[in-house]
Each structure stands twice: as C-alpha cells, then as structure tokens.
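# A closer look at the structure
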Amino acid sequence: MMRALFSVLWLMLLAAPAYAGSFAGTSGGASSAGSSASSGSTSGDDKLVLEARDDAAMFVASDGAIRGVRLESALRHLRERDPGSRETSDLQLALAILAR
C-alpha cells in the first residue's frame, strides 16, 4: 500500500509541472502566483507557499484525503493574495504549488 502511494506520488510529481504549466496559462490566480515564484523573490509569502510542497504532494497523491497544515495555510494565503484563485480548486492550487 505504501509503495503504491509513493509510486503514485512520484508519477504525480513528474507530471505536475506540465499540468500546472498549462493550468497557469488559463487562470489568473495560478499565473500570478507562478510569476512571483519565478522572479527570484524570497519573501516570507513565497516561503510559506514553498514550504507547503510536501503537503501539496501528499494531498495530490492521496486524491485529497491528506490535508496538511502547511498546505491549508498556503491555500488560504494564495486565495487572500489573489482573488482570482478563490474559484480555483484545492487540487489545482496544490498542483500549482508543486510546479514551483
């Protein structure tokens, strides 16, 4: 069971940049969130989102069953910072976090 979970997680991590890249092009929320990460900024906001990557990976791999505290905090932060991301699903935002 655990091996299968890690296999799925690994596959999702490999596929996430392509999926999140296409998502970023279609949504203002992910697009603006992604551009701040690629600008080289090391603000506390970006750090909060980057620290949620492990939680985001587990959320994606478990199909939403595992919701870590850091992921919840990052999702809240992204939605407060960018009103356009309020309509974005948790899964799409988790994939965008993984793509950073």
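All figures in this text were calculated on a predicted structure; none of them were measured in a lab.

Here we come to the overall build of the protein chain. Broken down by element type, the protein chain carries six helices and zero strands. Here the protein chain, with 100 residues, has 35% of them falling under the buried criterion. Across the protein chain, every contact between residues at least 6 apart in sequence was considered, and the portion connecting residues at least 24 apart equals 63%. Roughly 5800 Å² of accessible area belongs to the protein chain as shown, and the carbon and sulfur atoms make up 58% of that amount.

What follows deals with the environment of M58. Tracing the sequence through the fold places M58 in helix α4 (residues 53-61). Sequence spacing of M58 and G68 is 10 residues, and the spatial spacing of their C-alpha atoms is 8.1 Å.

Inspection of every chain in the model, using the stated rule, returns five salt bridges. A salt bridge links R79 to D90; its shortest N-O distance comes to 2.8 Å. Of the two residues, R79 is situated in helix α5 (residues 69-81) and D90 in helix α6 (residues 90-99); the sequence distance between them amounts to 11 residues. One network of salt bridges, with partners in common, ties together R67, E72, R79 and D90.

It is worth spelling out the nonpolar core at this point. If you look at the biggest cluster of nonpolar residues, it comprises 15 residues, and the most contacted ones within it are A56, L71, A94, I97 and L98. Those elements that place two or more of their residues in this core are α4, α5 and α6. In terms of residue count, α6 provides more of this core than any other element does, five residues in total.

Definitions and limits used
- Residues numbered from 1 in each chain as written.
- Predicted model: local features only at pLDDT ≥ 70, side-chain atom pairs only at ≥ 80, totals over all residues.
- Heavy atoms only, no water.
- Helix = DSSP H or I, 4+ residues; strand = E, 2+ residues; numbered from the N terminus.
- Buried < 20%, exposed > 50% of the residue type's maximum accessible area, 1.4 Å probe, protein only.
- Contact = heavy atoms within 4.5 Å.
- Areas by Shrake-Rupley, 256 points an atom, 1.4 Å probe, with all protein chains shown as cover.
- Salt bridge = Lys/Arg side-chain N within 4 Å of Asp/Glu carboxyl O.
- Core = buried A, V, L, I, M, F, W, Y, C linked by side-chain atoms within 4.5 Å.

Bear in mind that shape data such as this cannot, by itself, settle questions of function.
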